[in-house]
Amino acid sequence: MFHLLEKRLQEAVSAHLAACCEYAGPVAVGAPAQPEFGELGTAVAFQLARQWKKPPRAIAQELAAGIGAIEGVAALEPAGNGYLNVRFERGYYGRQALEGAGGVPATARTEKIIVEHTNINPNKAAHIGHLRNAVLGDTFVRMLRARGYQVEVQNYIDNTGVQVADVVAGFHFLENKALDQVAELARGERFDYLCWDLYARTSAYYKEHPEALAWRAETLHAVESGQGVLAGMAHLVADAVVHAHLKTMWRLGIAYDVLPRESEILHLKFWATAFDLLRQRGAIQLETEGKNSGCWVMPASSFSDDSADQDSKVIVRSNGTVTYVGKDIAYQLWKFGLLGKDFFYRVWSVYPDGKQVWVSTDEPQPAGHAFGAGARVYNVIDSRQSYLQNVVVAGLRALGYTDQAERSVHFSYEMVALSPRTCVELGIQLSEEDQKRSYVEVSGRKGLGVKADDLIDKLIETAAREVDSRHPDAPAAERLQVATQIAIGALRYFMLKFTRNTVIAFDFQEALSFEGDTGPYVQYAAVRARNILRKFGERGDKLPDFAAILDENAMRRHLASEDFWQLLVAASKADAAIEWALASGEPAHVAKFAFTLAQSFNNFYHAHPVIHEENAERRAFLLWMTAYFGAQLDRTLTVLGIELPVYM
RNA sequence: GCGCCCGUAGCUCAGCCGGAUAGAGCGACUGGCUUCGAACCAGUAGGCCGGGGGUUCGAGUCCCUCCGGGCGCGCCA
């Protein structure tokens, strides 16, 4: 609702300035510093003052007089040295909020947006760093969908890379396991945990015995040829671990549409096609001398401003194999539908809610689902890869796809490290240097880190203790469900409360907290709102007909109270918050808004008893406010992927 | 050496293309449960927004510079 008025004001001011003075510059509209100043304001008069050589205050006055009536706006007030503040018509605003105006985007958007996230190497269990990736990506998807965008969620599976090869080498060479033995293990519980340990052990073994690296080479070679025991084992391991990852992510409410796999990129020769394109259009060139002799490289001038100081990037090695960046360029081309090739697809698995997730395959399938060919692509990838992501985008540009290069976004985020205190809890030995730092980086290769499922389990355990003590008589299964929802709420909120370029120093104590700026705080507010309405019903009262009782005049009477008015304005900002978060690419803003909204409701809850209100009209208003807050909290939590427990 | 990111209250962090008196949570201290359940609320203390220069009517926000910290810069992915 707020967003609607915000847009309306912005358009009115812009239109007026265009008509009267041929001004076409930007007009920034936002909430004033103090609520007493009004609901919205603009400082545009200060900008104009310079050009027009007039005092800003005079301009603000002219604007106030010239803009004319705006639907829903009661007054335009010049203020301070040149601000123009706006007061809403309270009765109108309340009534519009009641009728649900401004809740949905006016037009559904047809272009397809691809969001790629998670992308965990399928050779070990997911850890907290992967959780940040997946939660950020999933929440961004939910934000887009909430605003009417069509989104396709991809989770890229590198099932033929070094990491999988190392685990396979571990099974085969280090542990002398046969294919059927590994298959047996893969059918068991927590195969991803077993791989986690084996991966660490194999990596450690390489370090002690560098000659064992030949195992890796042999395995990679076998995987590429697709023949033999090692190749079969690689398939088995990767598939089993992908199933484990999807299960872990599903615990957090995260699902995917399609899993494009590296193996099909190889078999369907995506790279060969991309290579022809790159060569024909001169994006890459064959080096004939120097250290990169025999390699196809992308010149530094393609991706760097001061190319004198930068090395060119090898795309094809001197032995003819393609690097990661090369494969990623091919993959990006496919995402935009520019490769002229596609995968075949089959159903990988079905989620408990019936939704299907598809996987790429090289075997022809009956015509069915098609994926890729997006108009816009977001790649949720850790900021440590920004150099490589730049090269990939430069590849698009060098091919002449400048539009697509601009629509390919590296949705980057900083790593999740561990607090020193948490390292001690996990029994990780810290050097003296590390102890002084505020955080310590995790390492999958060394097996150091917090596994996602362990963390979720620990959160559920902590939440369950609280739930059990508060609701000892509730059925056990229900208590567990509530504890799970609280745990997931806490975890998702924790991963979202930081802006993307903040390094998270993960700390158990902090993450296990359910008070203050946390997910459960927001859930608690929403549960309270629903409890009021439920309790009201349990007393045998019927919910009043809000639309009939609360006409514009009634709204105006109740919203004359500054207290109620500020609460309603705060509650009505959900769309504005989502829109802002989308524009700035910061899911954290939605989390922040959810917290502020919950705070507002808790204030309301504490200050105004609803059920015990004796005046019927006022009670109806309070009940409506409760319902409105509840709906807004619910909506915001949905965007954050946080569920609403039946009680707390 | 080059590139990117960070530096705001004791701690962890917000701060919407530059706008009015810099905010929140935690921690500390004081108070509030026989009410719609206190996973809550009200209040107090706590700041030269890393230092210095510049642009501007106006700078936590933009530019330059220095200091401190992190991450990248492979024919690994």
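Residues numbered from 1 in each chain as written. Chains lettered and ligands numbered in written order. Predicted model: local features only at pLDDT ≥ 70, side-chain atom pairs only at ≥ 80, totals over all residues. Heavy atoms only, no water.

1. Remarks on the protein's contact with RNA strand B
Here comes step 1: Neighbouring residues of RNA strand B: 66 residues in total, closest R317, R470, T499, T502 and Y521.
Here comes step 2: For RNA strand B, the backbone portion of the atoms within 4 Å of the protein, that is sugar and phosphate, comes to 65%.
Here comes step 3: Contacts to RNA strand B include N85, whose side-chain N or O atom sits 2.7 Å from a base nitrogen.
Here comes step 4: For the surface near RNA strand B, the elements supplying multiple residues, two or more each, are α2 (44-52), β4 (83-88), α14 (386-398), α18 (452-470), α21 (519-538) and α26 (587-607).
Here comes step 5: Looking at the surface near RNA strand B element by element, the count peaks at eight residues for α26.
Here comes step 6: Here the residues of the surface near RNA strand B sort into 31 nonpolar, 18 polar and 17 charged. (Near = heavy atom within 4 Å. Polar contact = N/O pair within 3.5 Å; in protein donor to acceptor, adjacent residues only side chain to side chain. Helix = DSSP H or I, 4+ residues; strand = E, 2+ residues; numbered from the N terminus. Nonpolar A, V, L, I, M, F, W, Y, C, P; charged D, E, K, R; others polar.)

2. Notes on the state of the cysteines
Every disulfide links exactly two cysteines, by a covalent bond between their sulfur atoms.
Here comes step 1: Counted by the stated rule, this structure contains one disulfide.
Here comes step 2: Sulfur-sulfur distance for the disulfide between C20 and C21 comes to 2.0 Å. Where C20 bonds to C21 through sulfur, the torsion about that S-S bond is close to -60°, and the disulfide is left-handed. (Disulfide = S-S within 2.5 Å.)

3. Concerning the environment of Q435
Here comes step 1: With respect to the helices and strands, Q435 occurs in helix α17 (residues 432-436).
Here comes step 2: With relative accessibility at 48%, the residue Q435 sits in the partly exposed group.
Here comes step 3: Taking the C-alpha atoms as reference points, Q435 and P420, separated by 15 residues in sequence, lie 6.1 Å from one another.
Here comes step 4: Apart from residues no more than four positions distant in its own chain, Q435 is found in contact with P420 and L430. (Buried < 20%, exposed > 50% of the residue type's maximum accessible area, 1.4 Å probe, protein only. Contact = heavy atoms within 4.5 Å.)

4. Section: the confidence of the model for chain A
Here comes step 1: When pLDDT is averaged along chain A, the result is 93; 98% of the residues meet or exceed 70.
Here comes step 2: Reported confidences for the modelled complex are a pTM of 0.96 and an ipTM of 0.97. (pLDDT = per-residue confidence, 0-100.)

5. Observations concerning the packing of aromatic side chains
Here comes step 1: Within this structure, the stated rule accounts for 33 aromatic pairs.
Here comes step 2: Here Y205 and W215 contribute two aromatic rings whose centre-to-centre distance is 5.2 Å and whose plane-to-plane angle is 10°, an arrangement assigned as stacked. Of this pair, Y205 sits in helix α8 (residues 191-208) while W215 is found in helix α9 (residues 213-225), placing the two residues ten residues apart along the sequence.
Here comes step 3: Among the aromatic residues, ring-to-ring pairing joins Y156, F270, Y331, W334, F343, Y345, W358 and F371 into one connected group.
Here comes step 4: The ring of Y605 carries R528 above its face, with NZ or CZ at 3.9 Å from the centroid. (Phe/Tyr/Trp six-rings, centres within 6.5 Å; stacked < 30°, edge-to-face > 60°. Lys NZ or Arg CZ within 6 Å of the ring centre and 35° of its normal.)

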